[in-house]
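Inside the fold
In case you want the letters, here they are:
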Amino acid sequence: QNFDGVIADITRATGLAVRRTARQQQPSGTLGQNAANAQAATGYNWSGTLSGFLDLLARSNELYWRFDAKSHEVVFFREETRTFSVYLPTGEDQVSASISLAGAGGGTGGASGGSASATGAGAGASGGTSGNVSVSGNMTINPFESVLQGVRGFVLAEQGQSGTAASALATGGGKGGTPVVGVVGNPGLGMVTVTATPPTLERIANYIAYVNGRFARNVFVGVKIYRMSVTDEAVNGVSIRAALANAAGTRKVDFLPGGMPTPNAGTASQLTFKLSSGASTAEVMLQALRSLGDVTDIQSTSVVTANGQAAPFQVAEDVSYVESNKTTVVPNVGVSNEILTTTRTVGLTGNFVPRILDDNRIFLDYQLNISSLTLSEFKSGNSTVQNARIPRQALKNTAYLDDGETLVLFGYEQRRNVTDNASGILTLTQKGGNSRTLMVIVLDVYGDAKAAPMKEAGRV
């Protein structure tokens, strides 16, 4: 007896309408080997519930069944279609930056930006007269397409494709490559529509629920840059840690230093800490720094971004100055003055890419570029022009932080009458001379205090 005949018998025996979906292929001509034992010459000898017989019939023909409450009928099917919402940004962000230093005879140099993912570095020198060092990298962030690749992988696995071919289809479909049958992404609506078997749809549902739970979260990053003037003895990592502990103690809050290791030689160039609930990190930090020197300048900004998303920012100022002043005597006309001005943009530029991990720690990929401008005047003949001095600090780094932890970076920005060679944004290892300006960068990082819902540590 063929499948359609069996479901017709069920309808006559129970009064329930039974059908199979139109998109399914005709099942095998008989019930199959497992169901054959239940078939009698003129009917069926089945002892059990109707749902049990429907289970047997579905398994024997590699189908599934459900009861449609709206139409009050039993439906047999092989695949069904579901639409899932993806709570992630659409579109593609390109993060590209570099840090470079080049010079000839030790006389010139430059630095710029940071990199989300650094690859490649080289250095060279010839006779001490030239050299260069550069680090650059690129990162592409497209959350919706990344989720779509995962969904394609589940469907391809069901279709029996694996290995390199499946990987190429999963990454190429929907972006000019071969599309994956049964998967349609709609970035404009933030939806993915999938046609597959119920077990595969269940795995996809768990996967998307996990991604939504983990990445549809906000991360706050606050940035403060302090410049302070210190004299005589240089400030090192131990004294900054002690100053923070003392400042927290006077305010009767707990100072909880992080577990960042200190190098065996020299001093640490960064530290992490947390304060007990209700304490102001900015107030404690400012009090600590004022106990070490005179705080001359404070820059601050903050960004809020979604988990895993790039957050570029800039706090800068355009400064114009007189680069040249040319006086020309024109016969039979008189004197002509030509003033050439130049505009430079200085300040704080950076980018953060925070990612909340499964254990609620935050992996912070950050790049900072800090610059300032100092003008000095000098005369050239009867003309007065200005010379611009632009100190720059470029930093690219990564760190693992607990939620609510503060990362402190410190180093020299400028020095005067210093005879030793220690300098740099992350260097604090030697004594200086009579006067120096110390730059301290403070990053406060906060994420949603939630754990991503996922069974068996991320297994789907």
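For the structure, see preceding data.
Anyway, here's the lowdown on the structure attached to this text. (Residues numbered from 1 in each chain as written. Predicted model: local features only at pLDDT ≥ 70, side-chain atom pairs only at ≥ 80, totals over all residues. Heavy atoms only, no water.)

**Digging into the overall build of the chain**
Scanning the chain for helices and strands turns up eight helices and 21 strands. For the chain, the proportion of its 460 residues judged to be buried stands at 38%. (Helix = DSSP H or I, 4+ residues; strand = E, 2+ residues; numbered from the N terminus. Buried < 20%, exposed > 50% of the residue type's maximum accessible area, 1.4 Å probe, protein only.)

**Section: the packing of helix H1 (residues 3-14) against helix H3 (residues 50-60)**
One can describe the packing of H1 onto H3 by two numbers: an axis separation of 12 Å at closest approach and a directional angle of 175 degrees. Relative to H3, the element H1 is oriented roughly antiparallel. Each of Phe3, Val6, Ile7, Ile10 and Thr14 in H1 lies in contact with H3, whose residues at this interface are Leu50, Phe53, Leu54 and Leu57. Here the contact of H1 with H3 is composed, by residue class, of eight nonpolar, one polar and no charged. (Axes fitted to C-alpha atoms, helices over the stretch in contact; angles between N-to-C directions. Parallel < 35°, antiparallel > 145°, perpendicular 65-115°, else oblique. Contact = heavy atoms within 4.5 Å. Nonpolar A, V, L, I, M, F, W, Y, C, P; charged D, E, K, R; others polar.)

**Comments concerning the nonpolar core**
Counting residues in each nonpolar core, the largest one holds 24 residues, and the members touching the most others are Val223, Phe352, Leu364, Tyr366, Ile441 and Leu443. Counting residues per element, the ones that place at least two in this core are strand E10 (218-231), strand E14 (311-330), strand E15 (334-356), strand E16 (362-371), strand E19 (392-401), strand E20 (406-416) and strand E21 (435-447). Ranked by the residues each element gives to this core, the list is headed by E16, at five residues. Excluding its chain neighbours within four sequence positions, the residues that come into contact with leucine 443 are Gly222, Val223, Phe352, Leu364, Tyr366, Glu405, Thr406 and Leu407. Ala247, Phe255, Val284 and Val408 belong to the second-largest nonpolar core, a separate cluster that totals 23 residues. (Core = buried A, V, L, I, M, F, W, Y, C linked by side-chain atoms within 4.5 Å.)

**A short note on the sheet that holds strand E1 (residues 17-20)**
Taken together, the three strands give an open sheet; going across it, the order is E1-E3-E2, and neighbouring strands pair in mixed fashion. The open sheet terminates on both sides in strands that have one partner only, identified here as E1 and strand E2 (64-68). Mean inter-strand twist for the sheet, computed between neighbouring axes without regard to direction, equals 20 degrees. In the packing of H1 onto the sheet, the strands contacted are E1 and strand E3 (73-77), and the crossing angle to E1 comes to about 160 degrees. The strands touched by H3 are E2 and E3; relative to E2, the strand with the most contacts, the crossing angle is about 140 degrees. (Pairing = 2+ DSSP bridges.)

**Some remarks on the environment of proline 312**
Structurally, proline 312 is set in strand E14. Linking proline 312 and glycine 350, residues 38 residues apart in sequence, is a C-alpha distance of 5.8 Å. For proline 312, the residues in contact, after removing those within four places along its chain, are Gly350 and Asn351.

**Observations concerning the packing of aromatic side chains**
Each aromatic ring pair is specified by the distance between its two centres and by the angle formed by the two planes. Enumeration over the complete set of coordinates arrives at five aromatic pairs. Plain terms: the ring middles of phenylalanine 313 and phenylalanine 352 are 5.3 Å apart, the flat faces sit at 15 degrees to each other, and that makes the pair stacked. Here phenylalanine 313, found in strand E14, pairs with phenylalanine 352, found in strand E15; they are 39 residues apart in sequence, far enough to count as distant. Judged by its relative accessible area of 10%, phenylalanine 313 is buried. (Phe/Tyr/Trp six-rings, centres within 6.5 Å; stacked < 30°, edge-to-face > 60°.)

**So, the side chain of asparagine 351**
Looking at the element boundaries, asparagine 351 is found in strand E15. On the accessibility criterion, asparagine 351 (9% relative accessible area) is buried. There is a polar contact of 3.3 Å between the side chain of asparagine 351 and the backbone nitrogen of alanine 311. Residue contacts for asparagine 351: discarding those within four places in its chain leaves Val95, Ala310, Ala311, Pro312, Phe313, Asp365, Tyr366 and Gln367. (Polar contact = N/O pair within 3.5 Å; in protein donor to acceptor, adjacent residues only side chain to side chain.)

**Structural notes on the pattern of salt bridges**
Overall, the coordinates contain seven salt bridges when judged by the stated rule. Glutamate 145 is paired through a salt bridge with arginine 152; the nearest N and O atoms lie 3.1 Å apart. For arginine 152, a relative accessible area of 3% corresponds to the buried category. (Salt bridge = Lys/Arg side-chain N within 4 Å of Asp/Glu carboxyl O.)

**Details of the sheet that holds strand E4 (residues 80-85)**
Pairing is antiparallel in the open sheet, where three strands are placed in the order E4-E9-E8. Single-partner strands in this sheet number two, and they are E4 and strand E8 (183-186). Looking at each pair of strands side by side, their axes are set apart by 15 degrees on average, direction ignored. Judged from the six bridges that link them, E4 and strand E9 (residues 191-196) form a sheet pairing that is antiparallel. Bridging across to E9, phenylalanine 84 finds its partner in valine 192.

**Describing unusual backbone geometry**
One non-glycine residue, glutamate 62, lies in the positive phi region at around 55 degrees. Looking at the element boundaries, glutamate 62 is found in the loop between H3 and E2. Using a relative accessible area of 62% as the deciding quantity, one classes glutamate 62 as exposed.

**Some points on the packing of helix H4 (residues 143-158) against helix H6 (residues 198-215)**
Where H4 meets H6, the closest approach of the two axes is 10 Å, and the angle between their N-to-C directions is 160 degrees. With respect to each other, H4 and H6 are oriented roughly antiparallel. The handedness of the crossing between H4 and H6 comes out as right-handed. Residues Ser146, Val147, Gly150, Val151, Phe154, Val155 and Glu158 of H4 touch H6, and the partners they reach there are Thr200, Arg203, Ile204, Tyr207, Ile208 and Val211. Here the residues of the contact of H4 with H6 sort into eight nonpolar, three polar and two charged. (Left-handed = near helix turned anticlockwise from the far one by under 90°.)

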